[in-house]
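Survey of secondary and tertiary structure
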Amino acid sequence: MKSDTPQRYGTLSRLFHWAIAVLVFWQALKIFDRIDDGEHWVGQTLVPWHISIGVLVLLLVVPRIAWALRNQGNRPPGPQPAWLGFLAKAGHVALYAALVLMPVTGISIMIGNGYGLAVFGMELVAGGGEIPWLATFGGTLHSPVAWLLLAMIAGHVVMALWHHFVRRDGVLRRML
Ligand code: HEM
Ligand code: HEM
């Protein structure tokens, strides 16, 4: 498995990036529940996987962050001048933070409300008593952070396309 180099993200980093991107896109379909209470094709086929896929994102994002930290120093550099590099890095750190916060708050909703947690048919936590503070924590943050994450992803994609088509500096290619 190739590590990152200053020219290009390695195999594992690219696998993590694109697998998580697809899964988060899938998760975002949860907003379709707002249309006809989810009584439509998307709501009945893709959205019911929300909890399982969300927990899978957590299982992928933790090793992804560990791998990013381990590869620090030998991965592609940020843009110049330094303040722009700082901004890009801060944006990526915020994306990582949201990717952790989403499943953590989702799991808090389920356990806090006493629903338990079942992932791909396996019961990890049985339903039971309510934990009101956990339910409030998850219930207050999950939806706002989801919208924030979607806005950040939109900005992220615009920046990636701007690098590719306007600056033509190979930034997109090093993640492909
Ligand atoms: C990367 C992970 C996740 C993303 C991106 C995500 C995204 C979303 C989005 C976009 C919504 C709709 C919000 C709205 O309509 O305003 C939502 C709702 C919900 N999600 Fe997640 N989710 C994730 C993980 C999870 C996990 C792991 C669970 C449970 C274990 C979960 C449980 C829920 C529940 C119960 C709702 C409906 C409650 C509400 O609307 O506040 N989510 N999620
Ligand atoms: C759910 C969607 C996405 C998420 C959560 C996401 C998240 C991230 C994160 C956290 C990084 C930083 C990697 C690091 O340095 O550790 C990154 C890098 C990158 N992403 Fe995404 N990404 C998403 C979708 C996309 C899409 C659709 C594109 C292309 C159109 C894209 C293009 C890139 C590129 C080119 C980089 C490397 C930037 C650089 O080297 O400075 N991403 N992404």
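In the block above lies the structure referred to throughout.
Residues numbered from 1 in each chain as written. Chains lettered and ligands numbered in written order. Predicted model: local features only at pLDDT ≥ 70, side-chain atom pairs only at ≥ 80, totals over all residues. Heavy atoms only, no water.

Examining empty space enclosed by the protein
Inclusion rule: Both site types are read off a 1 Å grid over the protein atoms alone. A 1.4 Å probe that fits but cannot get out defines a cavity, while an open set with protein on both sides within 12 Å along at least five of seven lines defines a pocket; lining residues have an atom within 4 Å of a point. Grid points are joined across faces, edges and corners, and a volume is the space filled by probe spheres set on the points. Think of it this way: any DSSP run of H or I at least four residues long counts as a helix, any run of E at least two long counts as a strand, and we number them from the N terminus. Residues are grouped as follows: nonpolar covers Ala, Val, Leu, Ile, Met, Phe, Trp, Tyr, Cys and Pro; charged covers Asp, Glu, Lys and Arg; every other residue, Gly included, is treated as polar.
Considering all chains together, one arrives at one cavity of 30 Å³ or more under this definition. Considered as a void within the structure, the largest cavity measures approximately 50 Å³ in volume. Along its surface, the largest cavity is lined by Tyr-9, Ser-13, Phe-16, Arg-64, Trp-67, Ala-68, Arg-75, Tyr-96 and Met-175. At the level of elements, helix 1 (11–28) and helix 3 (50–70) are the ones that each hand at least two residues to the lining of the largest cavity. Take the lining of the largest cavity: its biggest share by element is three residues, from helix 3. Across the lining of the largest cavity, the residue classes tally to six nonpolar, one polar and two charged.

A look at the side chain of Gln-27
Quick note on the threshold: Contact between two residues is taken to exist if any of their heavy atoms lie within 4.5 Å; hydrogens are not considered.
Relative to the helices and strands, Gln-27 resides in helix 1. What Gln-27 contacts, discounting residues up to four positions off in sequence, is Trp-49, His-50, Ile-53 and Gly-54.

Some remarks on a nonpolar patch on the surface
Rules: Residues enter a patch when their relative accessible area is above 30% and they make no salt bridge; the linking distance is 9 Å between like charges and 5 Å between nonpolar side chains (Val, Leu, Ile, Met, Phe, Trp, Tyr). Residue exposure ignores everything except the shown protein chains as possible cover, and the areas themselves are Shrake-Rupley values with a 1.4 Å probe. Salt-bridge detection follows one rule: a side-chain nitrogen of Lys or Arg within 4 Å of a carboxyl oxygen of Asp or Glu. In this scheme, a residue with accessible area under 20% of its type's maximum is buried, one over 50% is exposed, and one in between is partly exposed, where area comes from a 1.4 Å probe on protein chains only.
Residues Leu-101, Val-104, Ile-131, Trp-133, Phe-137 and Leu-141 make up a contiguous nonpolar surface patch of about 490 Å² in total accessible area. Those elements giving two or more residues to the nonpolar patch turn out to be helix 4 (82–112) and helix 5 (132–167). In terms of residue count, the dominant contributor to the nonpolar patch is helix 5 (three residues). Its location among the elements puts Trp-133 in helix 5. By relative accessible area, which is 61% here, Trp-133 ends up exposed.

Considerations on the nonpolar core
Basically, it comes down to this: Only buried residues count toward a nonpolar core, which is a set of Ala, Val, Leu, Ile, Met, Phe, Trp, Tyr and Cys residues joined through side-chain atoms within 4.5 Å.
Core analysis: the largest hydrophobic core is formed by twelve residues, namely Ile-20, Val-24, Leu-58, Val-61, Ala-68, Leu-95, Tyr-96, Ala-98, Leu-99, Met-102, Val-145 and Leu-149. At the level of elements, helix 1, helix 3, helix 4 and helix 5 are the ones that each hand at least two residues to this core. Excluding anything up to four places from it in sequence, Leu-99 contacts Ile-20, Val-24, Val-57, Val-61, Arg-64 and Leu-149.

A word on the site of ligand 2
This is how the line gets drawn: Proximity criterion: a residue is near a molecule or strand once any of its heavy atoms comes within 4 Å of it. Think of a polar contact as two N or O atoms within 3.5 Å of one another; within protein, one of them needs to be a possible hydrogen donor and the other a possible acceptor, and neighboring residues in sequence only count if both atoms come from side chains.
Surveying the vicinity of ligand 2 reveals 19 residues, the closest of which are Tyr-9, His-17, Arg-75, Tyr-96 and His-156. In the model, a nitrogen atom of ligand 2 is placed 2.8 Å from a nitrogen or oxygen of the His-17 side chain. Residue composition of the shell around ligand 2, by class: 13 nonpolar, three polar and three charged.

Examining the coordination of the iron atom of ligand 2
We count it as follows: Counted as coordinating are nitrogen, oxygen and sulfur atoms within 2.8 Å of the metal, or 3.2 Å for Na, K and Ca, while water is not included, which may make sites look incomplete. By the criteria applied here, four donors are tetrahedral when all angles lie between 85 and 135 degrees, four are square planar and six octahedral when opposite donors are over 155 degrees apart and every other angle lies between 65 and 115, and any other arrangement is irregular.
At the metal site, the iron atom of ligand 2 is ligated by His-17 (NE2) and His-156 (NE2), and these contacts range over 2.0 Å. Viewed at the metal, the six donor atoms of the iron atom of ligand 2 are separated by angles of 86 to 180°, and the geometry they form is octahedral. A residue pair is termed long-range when its members are at least 10 positions apart, and His-17 in helix 1 and His-156 in helix 5 qualify at 139 residues. The exposure class of His-17 is buried, given its relative accessible area of 13%. You can call His-156 partly exposed: its relative accessible area is 29%.

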